[in-house]
Amino acid sequence: MTAPALRMQGVGKSFGAHRVLDGITLDARQGEVTCLIGPSGSGKSTLLRCMAFLEQHDTGWIEVLGQPLGFAPGPSGQRLRLPTAEVARVRRGIGMVFQQFNLWPHMTALGNVMEALRLVLRLPRAEAEARARANLARVDLANRAGHYPAQLSGGQQQRVAIARALALAPKIMLFDEPTSSLDPELTGEVLRVMRRLAEDGMTMVVVTHEIGFAAQVAQHLVFLEEGRIALDGTPAEVFRRPWPPRLAGFLEGYLDRGAALLAD
Amino acid sequence: MNSALLLDSLPAVAAGFGVTMLMWLPGLSLAALLGLTLALGRQYGGRAMDAVLALLLGAVRGTPFLVQLFLLYYGGPFIGLTLDPAEAGLLGLAIYGGAYFAEIMRGGFLAVPRGHVEAAVMAGLSPAQTLRRILLPEMALLILPAGVNMAVVLMKETAVLSIITVPELTMVITGIGSSTFAFTEAAFLLAVTYWVLTEATGAAGRAMERRIATVRLA
């Protein structure tokens, strides 16, 4: 078994009195695709956002590529908040793709991908542009470099967002419901790019409602419910019948919509 | 106003128009700059500064420009601030416009989707880089229509500067009106001039909006 790229131990998070995550322990292994599934409000997006420290976990520990993210144990075991610069440094190992794409609307596709190459990596313009173009080609958008986000379809915007994250050469890619705001046709083109990325050996953690994608592409499937891990294993293990009642309840919604894949 | 009279007064009117432009455009720039500073102060200056600025901005927005101008021009010397009419006019426009710009820009910053900032964080941009490269341009695009509106408002408010003897268009033309007893013609000419300026500003604003139309959505 390969080493975990991302490790969570006893991670908890509350919004006010509501316990969104409750003692999550979970490894995302190097080179594997980990899919987080579960009903709305089960905490899967919050969990993913914690992995990027966009949300601060209030209990437990997270390690990214062997380094503590956000908090580290102090000399007597207490939680020490790590300095912002340190958080930013560890975050560099992570790329993130959002449900709403979050492209910067005043920059072209190329501009979106080049921005951090220039500002953060401080590459010379020619080098940054070459690298940005190569990454746009990787998501089949070499011919859309000069387009603004508003001139692109949702699927194209999401692929630009993937290229923007990939250009910074992250070791782990996080996807927060990357196809939830796309219609089925556009969903397909984004999933194809993600599948290719997985085949190339990228470590990925994907929050998704695409059960078919999860079943086919993930090596590691986590079913969350009410902030806890209800099931954790390979897709074959998680989907093995008989389904526990909660999983059955969750999956029925998909079977109703014709996801025949699951009807083993 | 007969045509001979009109010709005679043309140089004076042109000079007045020049002064109006010299009050308006620099005043507008200063107002936008002050507004940006205040908006950033409210957003990033902590709770105490936010409260103080909110109070001050409320006071500026809650009083007539004419009254502010009187306070500045006649009251200024009591606190050691002696200004000539043009200086007082420019400063007055900057303060009055700045208060409105501060609120417009604050709203603009708040309207930038949080996700765009999160994307910047994940890309490794520093807070200063995020402000300069993401928040400022997106805010500017969002407030363009309101900004053009403010430009028009400030242009018309320059007429008030005649009260403190800034020799701008209103002062010049009403002066001609009183010396020739052609009040109605003078007022009419004045109204038409401001109206034309307003339309020109609006057209410029619409042209800018068309240019950035590709950027407005998303």
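Residues numbered from 1 in each chain as written. Chains lettered and ligands numbered in written order. Predicted model: local features only at pLDDT ≥ 70, side-chain atom pairs only at ≥ 80, totals over all residues.

> Describe the overall build of chain B, with residues and values.
Along its length, chain B carries 9 helices and 0 strands. Traced from its N-terminal end to its C-terminal end, chain B shows the element sequence α-α-α-α-α-α-α-α-α. Buried positions account for 33% of the 218 residues belonging to chain B. Nonlocal contacts in chain B, meaning residues at least 24 apart in sequence, comprise 74% of its contacts between residues at least 6 apart. (Helix = DSSP H or I, 4+ residues; strand = E, 2+ residues; numbered from the N terminus. Buried ≥ 20, exposed ≤ 12 C-beta atoms within 10 Å, placed from the backbone. Contact = placed C-beta atoms within 7 Å.)

> Tell me what's going on with the overall build of chain A, and back it up with residues and numbers.
Assigned secondary structure in chain A consists of 9 helices and 12 strands. For a compact globule of 264 residues, the expected C-alpha radius of gyration is about 18 Å, and chain A comes in at 19 Å, within 12% of that figure. Along the first, second and third principal axes, the C-alpha atoms of chain A reach 55 × 55 × 40 Å. (Rg over C-alpha atoms; globule rule 2.2 N^0.38 Å.)

> Could you give me a rundown of the environment of Thr-158 of chain B, with the residues and numbers involved?
Residue and element names in this part refer to chain B. In this fold, Thr-158 is placed in the loop between helix H6 (127–157) and helix H7 (169–180). Looking at Thr-158, the number of C-beta atoms within 10 Å reads 27, which means it is buried. Sequence separation between Thr-158 and Val-19 is 139 residues; the distance between their C-alpha atoms is 9.6 Å. Setting aside chain neighbours within four positions, we find Thr-158 in contact with Thr-20, Met-23, Trp-24, Leu-93 and Glu-168.

> Mind laying out the pairing of strand E10 (residues 203–207) of chain A, listing which residues take part and the relevant values?
A regular strand places its side chains so that they alternate between the two faces of the sheet. All names here are of chain A. Counting buried residues in E10 gives 5 out of 5 residues, a clear majority hidden from the surface. Burial of the side chains of E10 extends over both faces: Thr-203, Val-205 and Val-207 are buried on one face and Met-204 and Val-206 on the other. Taken together, the 4 bridges between strand E3 (residues 33–37) and E10 define a ladder with parallel strand orientation. Among the inter-strand pairings, Cys-35 is bridged to a residue of E10, identified as Val-206. Across 5 bridges, strand E9 (residues 172–176) lies against E10 in parallel orientation. Residue pairing for E10: Ile-172 is matched across the bridge by Thr-203. (Pairing = 2+ DSSP bridges.)

> Explain the sheet that holds strand E12 (residues 228–233) of chain A to me, and be specific about the residues and the numbers.
All names here are of chain A. In spatial order, the strands read E8-E9-E10-E3-E11-E12; together these 6 strands make up an open sheet with mixed pairing. A strand with exactly one partner marks an edge of an open sheet, and here the two such strands are strand E8 (94–97) and E12. Going across the sheet, the axis of each strand differs from the next one's by a mean of 15°, ignoring polarity. Strands in contact with helix H5 (residues 154–166) are E8 and E9; relative to E8, the strand with the most contacts, it is inclined by about 170°. (Axes fitted to C-alpha atoms, helices over the stretch in contact; angles between N-to-C directions.)

> Any chance you could break down the interface of chain A and chain B for me, citing the residues and the numbers?
In this complex, chain A contributes 23 residues to the contact, which on the side of chain B involves 19 residues. Those elements giving two or more residues to the side of chain A that touches chain B turn out to be helix H2 (84–91) and helix H3 (109–119) of chain A. Sorting elements by how many residues they give to the side of chain A that touches chain B places H3 of chain A first, with 3 residues. The class makeup of the residues in the side of chain A that touches chain B is 15 nonpolar, 4 polar and 4 charged. (Nonpolar A, V, L, I, M, F, W, Y, C, P; charged D, E, K, R; others polar.)

> So what's going on with the confidence of the model for chain A? Residues and values would help.
One rule of thumb: low pLDDT means the predicted coordinates there are not for detailed reading. Looking at chain A as a whole, the pLDDT averages 91, with 95% of positions reaching at least 70. When mean pLDDT is compared element by element in chain A, E9 of chain A scores highest at 97, while helix H9 (residues 245–256) of chain A scores lowest at 81. (pLDDT = per-residue confidence, 0-100.)

> Could you give me a rundown of the nonpolar core, with the residues and numbers involved?
Grouped together as the largest cluster of nonpolar side chains are 82 residues, with contacts concentrated most on Leu-36, Leu-174 and Val-205 of chain A. One finds Ala-88, Met-139, Ile-164 and Ile-176 of chain B within the second-largest nonpolar core, a separate group that totals 42 residues. (Core = buried A, V, L, I, M, F, W, Y, C linked by C-beta atoms within 7 Å.)

> How would you summarise the sheet that holds strand E4 (residues 59–64) of chain A if you had to cite specific residues and measurements?
Residue and element names in this part refer to chain A. As summarised here, the arrangement of the 4 strands in space is E2-E1-E4-E5, forming an open sheet in which the pairing is antiparallel. Each edge of the open sheet carries a strand with a single partner, namely strand E2 (18–29) and strand E5 (67–68). As defined by bridge partners, strand E1 (residues 4–15) adjoins E2 across 8 bridges and the pair is classed as antiparallel. Note that in E2 the partner of Val-11 across the bridge is Ile-24.

> Summarise the confidence of the model for chain B; cite the residues concerned and give the values.
All names here are of chain B. Of all residues in chain B, 95% attain a pLDDT of 70 or more, and the chain-wide mean is 89. Mean pLDDT across the secondary structure elements of chain B bottoms out at helix H9 (residues 213–216), with 68, and peaks at helix H5 (residues 114–122), with 96. The ipTM for the predicted assembly is 0.92, set against a pTM of 0.87.

> Run through the packing of helix H4 (residues 85–111) of chain B against H6 of chain B, naming residues and quoting values.
Residue and element names in this part refer to chain B. As a packed pair, H4 and H6 sit with axes 9 Å apart at the nearest point and diverge in direction by 150°. As far as their axial angle goes, H6 and H4 are roughly antiparallel. Relative to H6, the crossing made by H4 is right-handed. Residues Leu-93, Tyr-96, Gly-97, Tyr-100, Phe-101, Ile-104, Met-105, Gly-108, Phe-109 and Ala-111 of H4 touch H6, and the partners they reach there are Leu-135, Met-139, Leu-142, Ile-143, Ala-146, Gly-147, Met-150, Leu-154 and Glu-157. Residues of the contact of H4 with H6, tallied by class, amount to 15 nonpolar, 3 polar and 1 charged. (Parallel < 35°, antiparallel > 145°, perpendicular 65-115°, else oblique. Left-handed = near helix turned anticlockwise from the far one by under 90°.)

> How would you explain H5 of chain B if you had to name every residue and give the values?
Among all positions of H5 of chain B, only His-116, Ala-119, Ala-120 and Met-122 of chain B are buried. Taken down its axis, H5 of chain B places every buried residue within 165° of arc, on the same side. Among the structural elements, H2 and E8 of chain A together with H6 of chain B are those in contact with the buried residues of H5 of chain B. Note on H5 of chain B: the residue one or two positions beyond its end, Gly-124 of chain B, has a positive phi of about 90°. (Arc of directions from axis to C-beta.)

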